[in-house]
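# Structural description and commentary
Listed below, chain by chain, are the residues.
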Amino acid sequence: MLSRLQAISVKVTDPFVSLSLVQASRSLQTSSQRLAPVPPLPDHGGKVRHGLIPEELFEFLYPKTGVTGPYMLGTGLIVYLLSKELYVINHETIYAICIGTIIVYGVKKYGATVAAFIDSINEEKVAKAQAAKDSHISFLTEAIENEKKEQWRVEGRGMLFDAKRNNVAMLLETNYRERQHMVTNEVKRRLDYQIALQHLNRRLQQEHMINWVEKNVISSITPQQEKESIAKCIADLKVLAKTTQAKAAA
Amino acid sequence: MTLSLFDQFLSPVVCWIPLVAIAIILPWILFPSPTTRWLNNRSLTSQNWFLSQTTSQIFSPINPPGHKWALLLSSLLIFLATMNTAGLLPYTFTPTSQLSINMGLAGALWMGVVILGMRTQPTHSLGHLLPEGAPALLTPILVIIETISLFIRPIALGVRLTANLTAGHLLIQLTSTATLAMLTIMPVTAIFTGILLFLLALLEAAVALIQAYVFVLLLSLYLQENV
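Everything numeric in this text was worked out from a predicted model, so none of it was measured.

### Concerning the overall build of chain A
- Within chain A, the regular secondary structure consists of 6 helices and 2 strands.
- Put simply, chain A runs from its N terminus to its C terminus through helices and strands in the order α-α-β-β-α-α-α-α.
- Looking at chain A as a whole, 9% of its 250 residues are labelled buried.
- If you sum the accessible surface of chain A, you get close to 22,000 Å²; carbon and sulfur atoms cover 65% of it.

### Section: the nonpolar core
- If you look at the biggest cluster of nonpolar residues, it comprises 28 residues, and the most contacted ones within it are Phe59(B), Leu73(B), Leu76(B), Phe215(B), Leu219(B) and Leu223(B).
- For this core, the leading source of residues is helix H7 (residues 187-226) of chain B, giving 7 residues.
- The contact partners of Leu219(B), leaving out residues within four places of it in the chain, are Leu73(B), Leu76(B), Leu109(B), Trp110(B) and Leu157(B).
- Formed by 10 residues, the second largest nonpolar core is a distinct cluster that contains Ile99(A), Leu88(B), Leu197(B) and Ala201(B).

### A word on unusual backbone geometry
- Its identity is not glycine, yet Glu85(A) carries a phi of approximately 55°, on the positive side.
- You can see Glu85(A) is positioned in the loop between helix H4 (69-83) and helix H5 (91-220).
- Unlike most non-glycine residues, Trp16(B) shows phi in positive territory, near 60°.
- For Trp16(B), the position within the fold is in the loop between strand E1 (13-14) and strand E2 (17-18).
- The exposure class of Trp16(B) is exposed, given its relative accessible area of 81%.

### Comments concerning helix H2 (residues 42-59) of chain B
- The end-to-end C-alpha separation of H2(B) is 25 Å, in line with the 26 Å expected for 18 residues at 1.5 Å each.
- Among the residues of H2(B), those classed as buried are Leu44(B), Thr45(B), Gln47(B), Thr54(B), Ile58(B) and Phe59(B).
- Along its buried surface, H2(B) packs onto H5 of chain A together with helix H3 (70-86) and H7 of chain B.

### Here's the deal with the packing of aromatic side chains
- One pass over the full model with this rule turns up 4 aromatic pairs over all chains.
- Considering the side-chain rings of Tyr87(A) and Tyr91(B), the 6.0 Å spacing of their centres and the 80° angle between planes classify their relative orientation as edge-to-face. One end of the pair, Tyr87(A), is in the loop between H4 and H5; the other, Tyr91(B), is in the loop between H3 and helix H4 (99-120), on a second chain.
- Relative to Trp49(B), the ring of Phe117(A) lies with its centre 4.8 Å away and its plane at 75°, an arrangement referred to as edge-to-face. Placement of the pair is Phe117(A) in helix H5 and Trp49(B) in helix H2, with the two residues belonging to separate chains.

### Topic: the UniProt feature "transmembrane region" (unreviewed entry) in chain B
- UniProt annotation of "transmembrane region" (unreviewed entry) refers to residues 9-31, 69-89, 101-118, 138-159, 180-199 and 205-223 of chain B when read in the numbering used here.
- The distance from the first to the last C-alpha atom of residues 69-89 of chain B is 31 Å, and the span holds 81% helix and 0% strand.

### Some words on the layout of surface pockets
- Within this model, the largest pocket holds a volume of roughly 1,100 Å³.
- Along the walls of the largest pocket sit 24 residues, with Val114(A), Ser46(B), Gln47(B), Thr85(B) and Leu209(B) positioned nearest its centre.
- When residues of the lining of the largest pocket are traced back to their parent elements, those giving at least two are H5 of chain A together with H2 and H3 of chain B.
- A per-element tally of the lining of the largest pocket places H5(A) first, with 9 residues.
- The residue inventory of the lining of the largest pocket, partitioned by class, reads 17 nonpolar, 7 polar and no charged.

### Quick look at the domain arrangement of chain A
- Parsing chain A into structural domains produces domain 1 (47-88) and domain 2 (93-219).
- Just the C-alpha atoms count here: the centres of domain 1 of chain A and domain 2 of chain A sit 84 Å apart.

### Digging into the side chain of Ser125(B)
All names here are of chain B.
- Take Ser 125: it is sitting in helix H5 (residues 122-127).
- Here the side chain of Ser 125 touches Asn 226 through a polar contact of 3.2 Å, side chain to side chain.
- Those residues in contact with Ser 125, other than ones at most four positions away along the chain, are Gly 117, Met 118 and Asn 226.

### A look at the interface of chain A and chain B
- With 31 residues of chain A in contact, the opposing surface of chain B contributes 30 residues.
- Surface buried jointly by chain A and chain B totals about 3,000 Å² across both partners, of which 72% is contributed by carbon and sulfur atoms.
- As a salt-bridge pair, Asp119(A) and Arg42(B) come within 2.7 Å of each other at their nearest N and O atoms.
- Listed by contribution, the elements that provide at least two residues to the side of chain A that touches chain B are helix H1 (2-12) and H5 of chain A.
- Sorting elements by how many residues they give to the side of chain A that touches chain B places H5(A) first, with 20 residues.
- A breakdown of the residues in the side of chain A that touches chain B according to their chemical character gives 22 nonpolar, 5 polar and 4 charged.

What counts and how
- Residues numbered from 1 in each chain as written.
- Chains lettered and ligands numbered in written order.
- Predicted model: local features only at pLDDT ≥ 70, side-chain atom pairs only at ≥ 80, totals over all residues.
- Heavy atoms only, no water.
- Helix = DSSP H or I, 4+ residues; strand = E, 2+ residues; numbered from the N terminus.
- Buried < 20%, exposed > 50% of the residue type's maximum accessible area, 1.4 Å probe, protein only.
- Areas by Shrake-Rupley, 256 points an atom, 1.4 Å probe, with all protein chains shown as cover.
- Core = buried A, V, L, I, M, F, W, Y, C linked by side-chain atoms within 4.5 Å.
- Contact = heavy atoms within 4.5 Å.
- Expected span 1.5 Å × (residues − 1).
- Phe/Tyr/Trp six-rings, centres within 6.5 Å; stacked < 30°, edge-to-face > 60°.
- UniProt positions renumbered as here; feature names shortened; annotations may be inferred.
- 1 Å grid on protein atoms, 1.4 Å probe; cavity = no way out; pocket = protein on both sides within 12 Å on 5 of 7 lines; lining within 4 Å.
- Points joined across faces, edges and corners; volume = space filled by probe spheres on them.
- Nonpolar A, V, L, I, M, F, W, Y, C, P; charged D, E, K, R; others polar.
- Domains from an automatic or database assignment.
- Polar contact = N/O pair within 3.5 Å; in protein donor to acceptor, adjacent residues only side chain to side chain.
- Buried area = accessible area lost by both parts, 1.4 Å probe.
- Salt bridge = Lys/Arg side-chain N within 4 Å of Asp/Glu carboxyl O.

As structure tokens, this is what we get:
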């Protein structure tokens, strides 16, 4: 903040002086000159004894005066001021004791509560940001899992397509075989028909020929021949009868 | 370093250098400007929290055009509260116990509010001189009374703060003087006055904060009327 004061004051003076001022004070600035990343704040403030006196004084005096050194210094200083009447006890002293008691009592009693409350304000801020971050992380994790599930499903899709392809191939095969079967049947039917036709033709031819032969033979048999054949048959029959009779008698 | 009763109300001067300027400006260091950090230390967090609470409370009933006064009134609150509470410490000079500072603040701010009201919405501002629901007969008298009350406001604002603080400090001075004087002669009475002093100191601590808040609250009320 004091650097801002300095920057404001620098504007009003002439450039030479202002530049030299800035350059001169630059050696006094011990923190880094970059704005980002902001260096982290220490978690706790400087250690203080009795709420007022920094611990560094005690550490400074410890090598020479031991533990009681700073207390002796304080007591001696107060006694010196009082005895030499450099500090005069007046009504303000009574009031100072009064208000000092009130302040110390207030800090001791309510200090922790107030500090806890202020810390809770910061904690809430952090908790809100953390909650937002956590919800986002969980959302993203869920999204990752869903994506992985989808990828697994996609793997299954190949199997589905294979099954479907097999299905279709089977259907086609079945269809083809059916048609082939039908074709075979039709061809066989046509061929059977032709065969039957041929059989019929042959039979007709045979019957026709037999009829013609019989007709010719019957027509060629003269009555003379008929009588001769009948006489022969009777003679044969007589012979046969004689032989069988002989066989029977023997 | 013997002090009379009115030494604490003298504007401090060392070798003709007025220290009142330092007394007024030095508490500025206690309130650092907002940092570039997301989470601050405890003092900064508490200051931010306190300021946001009071500002939202004071400005919630005011119309949006009045919210331009947020910076002025909140810095005024911090100024008065710091001056008053710093004056509670022994051997300090309280600038706000001086009529000059308080009248300067009250008069200027009141006049700003009234002129703003008269310029942006004169009818509405003048309408405040006659309270609603008043019987018609009393109108002339009421307008006069309201005008007087309007012009009394800056004086009331300034003198209220001055009187409260001066009276409080003076009482503390007197009580502590009495305690000191009786400590050697009548110790028991001194103990009673000591207890009175404790209570007075507590009261003064409360008054310091309350008076600052009342000052700013009344100004916000006047702003609410006029904006």
